[in-house]
Every structure is written in C-alpha cells, then in structure tokens.
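Close look at the chain arrangement
Take a look at the letters that make up each chain.
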Amino acid sequence: MIDSLCKNRTALALGNFDGLHKGHLQVLSAVCSQKENGLQPVLVRFDPHPAAVLRGKTPDRILTDRERSAILSAYQAEETVLDFSSVCDLSPEAFVKDVLVDRLHAGFIACGFNFRFGKNGAGTAETLKELARKYSIGCFVAEEVDFENLPVSATRIRDCIRNGQIEQANAMLTRPFSYDFEVVGGDRRGRLMGTPTINQYFPQGFAVPKSGVYASFAVVDGVCYPAVTNIGIRPTFNGTSERSETWIMHFSGDLYGKHIPVYLLKYLRGEVKFDNMDSLRKQILSDSVQSQAAFENYSRKNEKI
C-alpha cells in the first residue's frame, strides 16, 4: 500500500488506532478535513503492534480488519501500514523526514496528545509539531477525550468488554462493539427450540466479551435485525468450547461460511445452566423482548438502522 500511494501530498493520521475509538476519530477527522486543501487522507498504523516489539505482548484487538476498512471507507480515507520494527530505531527527525515527508509525501500530519515516536519513544506530540514547522507541513494534535471523568483509551475499552460493561465500551467507541467472524456449524439445538443461532468463534488475540447474554443486532445483506447473543460455553448442554451464538430474530436463511457482523448493545444476564430445553427456550424468548427494546432504542438514535 505504501508504494502505491498517489504522488499527491497526503494528510497522515498517526497512531496505533486500537479500536478507532472516540479519541482516534478526532485525529482521523482532522486529516479528512484536509481534502478541501487537495490532500489525500491516510491512516498510518504500525504492524507488528509497537507493544509486541517493545514489551513482547500484543494487546487484544477490539476491531476487525473488515470493520476498520468500512470505517475508513465512510471517511473516504486510505490506510497504510508501516513495519514498526523497521522504523522504531529511527530518530524522531529521521522518521518525519525520511518516512512521513519523503516516503509518504506528507503535507499535513495529525496525532493524539500522547503519541510517541522515534528511538526509545524520544519524540512527543510537541516534537512532532516542531518538526512539522521545520518541514513546512501542517500539524494537528488531538486533545485528551474523557468519558466519565477519565481518558478514553483502548485499554479502558478492553476492560469494559471483558467485564460486560458493553454500554460503556460502546460510548467510548462511538458505535456498538462488534465482530464479523465466519459463521460455522453448531449443534443445531436452537432450531429445535425455534431459535436457530449462528455460531462464531473468537480468534486468538481478539478481545472476548464477558460470558453471558447480550441484546444485540446482526447485519445480513445490509439489513439490520434485532438479535440475542450468548457468549460462553453453553452450560445447559455441558459445552466446553467458548463461542458466540446469536439468534437473529425475524430472519430465516443459511448463513454458513459468511462473515456476519454482530453488534452488542447491552449485557442482559450471565450464563445459566437450565434444567431442560423448554426452560432455556422460555428464557431466550424473555431475553428477546429486552433485546428488541434495546434495538429499537438504538435505532431511534441512528437513522441508518
């Protein structure tokens, strides 16, 4: 992607962009505003993740590649990926001159208030401003964005997801937390109860929500359907493998092999081992009433649904 960037000057959004949350969107919006100045907006992220190189551990992802592409498409921005291992030992000035200006044709750069770059993280957002002035390019540094009196961060969002605080995570993301993994075969017990589900497994390295039942919705062929999602091991059936099971209400069709986006709206309850399938079915139908209400509330606030 780097070598295929147009020869015209670019507006570069710099960062890790774990989740493209509320703070990140400030940076992305800043570079997109440069389209009126003839600059092409480009999100620049690093792979491998800097934490993997510097600390030996990669944070769990909270955004799939397909969703990132969809968000960038909505902003009419491109994406390019820098090999972090090849740039982490550059001095701050070499990174700006050799990579951003000479290689990526930067005419404008933007980052968050806590952005660090260059060998040993020597460069700060203030350093970036100074170097931007030196090379006659524009620069924007996004201020801290708070939620419930604390800074919005990917770490906080991950913690909320793991703790079932999905509404707080969604507020920081500015959209419902979602995943769109391939639909695989299951035990087909849902069909026997009149609540057929799609099964999706979380890949290693992706943030797994707290086990339990969620009000949700799924998107099939561009249409949004209210849904009930169970994440966990299905204790009623003595399950052992963790997965996402989603009953898509008001939909009937074969979705095996497709990547169906599921959006979590609200944590409803923990996983329970029921005595029999009839008791489980009654509970799922009760859950569906809450999920329908959550979906309708979300829909009223989002005209596109």
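Above this text you will find the structure in question.
Residues numbered from 1 in each chain as written. Predicted model: local features only at pLDDT ≥ 70, side-chain atom pairs only at ≥ 80, totals over all residues. Heavy atoms only, no water.

Some remarks on the nonpolar core
Soluble, globular proteins show a tendency: their nonpolar side chains are buried together. Rules: We call a set of buried Ala, Val, Leu, Ile, Met, Phe, Trp, Tyr and Cys residues a nonpolar core when their side-chain atoms join them within 4.5 Å. Only protein chains enter the accessibility calculation, which uses a 1.4 Å probe. A residue is then buried if its area is under 20% of the maximum for its type, exposed if over 50%, and partly exposed in between. Only DSSP runs of H or I covering at least 4 residues are called helices, and only runs of E covering at least 2 are called strands; the numbering of each starts at the N terminus. For this analysis, residues touch if any pair of their heavy atoms sits within 4.5 Å.
Among the nonpolar cores identified, the biggest contains 30 residues, and Ile 161, Phe 177, Tyr 179 and Leu 264 are the most heavily contacted of them. Elements with a contribution of two residues or more to this core: helix H7 (154-162), helix H8 (166-173), strand E10 (212-220), strand E11 (223-232) and strand E13 (262-269). When sequence neighbours within four positions are dropped, the list of residues in contact with Leu 264 reads Ile 166, Asn 170, Pro 176, Phe 177, Tyr 179, Pro 209, Tyr 214, Ala 215, Ser 216, Thr 229 and Ile 231. Judged by nonpolar contacts, the second largest core, of 26 residues, contains Phe 46, Leu 104, Leu 131 and Ala 132.

With respect to the packing of aromatic side chains
Keep this limit in mind: Side-chain rings of Phe, Tyr and Trp, where Trp is taken by its six-membered ring, are said to pair if the distance between their centres is within 6.5 Å; with planes under 30 degrees apart they count as stacked, over 60 as edge-to-face, and otherwise as tilted.
Within this structure, the stated rule accounts for 16 aromatic pairs. Their ring planes at 90° and their centres at 5.0 Å tell us that Phe 181 and Phe 206 sit as a pair that is edge-to-face. Here Phe 181, found in the loop between strand E8 (178-179) and helix H9 (189-192), pairs with Phe 206, found in the loop between strand E9 (197-200) and E10; they are 25 residues apart in sequence, far enough to count as distant. By the burial criterion, Phe 181 is buried, and Phe 206 matches it. Ring geometry for Tyr 214 and Tyr 267: centres 5.1 Å apart, planes at 80°, overall edge-to-face. Residue Tyr 214 is located in strand E10, and its partner Tyr 267 is located in strand E13; the two are separated by 53 residues in the primary sequence. Counting every residue linked through ring pairs, the aromatic cluster contains Phe 46, Phe 84, Phe 95, Phe 115 and Phe 117.

Things to note about the pattern of salt bridges
Threshold: The working definition used for a salt bridge is a side-chain nitrogen of Lys or Arg within 4 Å of a carboxyl oxygen of Asp or Glu.
Tallying each qualifying case throughout the model produces 13 salt bridges. A salt bridge links Arg 68 to Glu 79; the shortest N-O distance between them is 3.7 Å. Here Arg 68 is found in helix H3 (residues 65-74), whereas its partner Glu 79 is found in strand E3 (residues 78-83), with 11 residues between them in sequence. Neither residue differs from the other here; Arg 68 and Glu 79 are each classed as buried. Residues Glu 93 and Lys 134 are paired through a salt bridge, measuring 2.5 Å at the closest nitrogen-oxygen approach. Of the two residues, Glu 93 is situated in helix H5 (residues 92-103) and Lys 134 in helix H6 (residues 125-134); the sequence distance between them amounts to 41 residues. Looking at Glu 93, the relative accessible area reads 30%, which means it is partly exposed. Each of Arg 45, Asp 65, Arg 68 and Glu 79 takes part in one network of salt bridges that share partners.

What to know about the sheet that holds strand E4 (residues 106-112)
Quick reminder of the rule: Two strands are said to pair when DSSP picks up at least two bridges between them. Axis angles are defined between N-to-C directions and span 0 to 180 degrees, where every axis is a line fitted to C-alpha atoms and, for a helix, only to the segment in contact.
Sheet architecture is open: 5 strands sit in the order E3-E2-E1-E4-E5, paired in parallel fashion. Because the sheet does not close on itself, it has two edges, and the strands there are E3 and strand E5 (138-142). Taking the axes of each pair of neighbouring strands and ignoring which way they run, one obtains an average angle of 25° across the sheet. Sheet analysis places strand E1 (residues 10-14) next to strand E2 (residues 40-47), joined by 5 bridges and oriented parallel. Pairing of Ala 13 across the sheet is with Leu 43, part of E2. Running over the sheet, H6 touches E1, E4 and E5 and is turned about 165° from E5.

Topic: the packing of H7 against H8
Stated precisely, the cut-off is as follows: Reported orientations rely on four angle classes, namely roughly parallel under 35 degrees, roughly antiparallel over 145, roughly perpendicular from 65 to 115, and oblique for the rest. Note on convention: near helix rotated counterclockwise from far helix by under a right angle means a left-handed crossing. Clockwise means right-handed. All amino acids are sorted into three groups, where Ala, Val, Leu, Ile, Met, Phe, Trp, Tyr, Cys and Pro are nonpolar, Asp, Glu, Lys and Arg are charged, and the leftover types, Gly among them, are polar.
It is at 7 Å that the axes of H7 and H8 come closest, and there the two elements cross at 155°. In this view, H7 runs roughly antiparallel relative to H8, as classed from their interaxial angle. When the axes of H7 and H8 are compared, the crossing they make is left-handed. Packed against H7, whose contacting residues are Arg 156, Ile 157, Cys 160 and Ile 161, the element H8 presents Ile 166, Gln 168, Ala 169, Met 172 and Leu 173 at the interface. Along the lines of polarity and charge, the residues of the contact of H7 with H8 split into 7 nonpolar, 1 polar and 1 charged.

So, the sheet that holds E9
Ordered by their spatial adjacency, 6 strands build an open sheet running E8-E13-E10-E11-E12-E9, and the pairing between neighbours is antiparallel. Of all the strands in the sheet, the pair left with one neighbour each is E8 and E9. Here helix H10 (residues 277-301) sits on the sheet and contacts E10, E11, strand E12 (243-248) and E13; the angle it forms with E11, its principal contact strand, is near 130°.

Comments concerning the pairing of E5
Rules: Here a crossover is taken to be right-handed if, once the strands point away from the viewer, the path from the first strand over the helix to the second is traced clockwise.
The pairing of E4 with E5 spans 5 bridges and is classified as parallel. Its bridge partner lying in E5, Cys 111 is registered against Val 141. Handedness of the crossover joining E4 and E5 through H6: right-handed.

Considerations on the environment of Val 27
Mapping Val 27 onto the fold places it in helix H1 (residues 22-32). Residue classification places Val 27 among the buried residues on the basis of a relative accessible area of 3%. Considering only alpha carbons, one finds Val 27 and Ile 198, 171 residues apart in sequence, at a separation of 36 Å. Val 27 has contacts with Ala 13, Leu 14, Phe 17, Ala 110, Cys 111, Gly 112 and Ala 142, leaving out every residue within four places of it along the chain.

Functional significance is not addressed by these values, which are geometric in nature.
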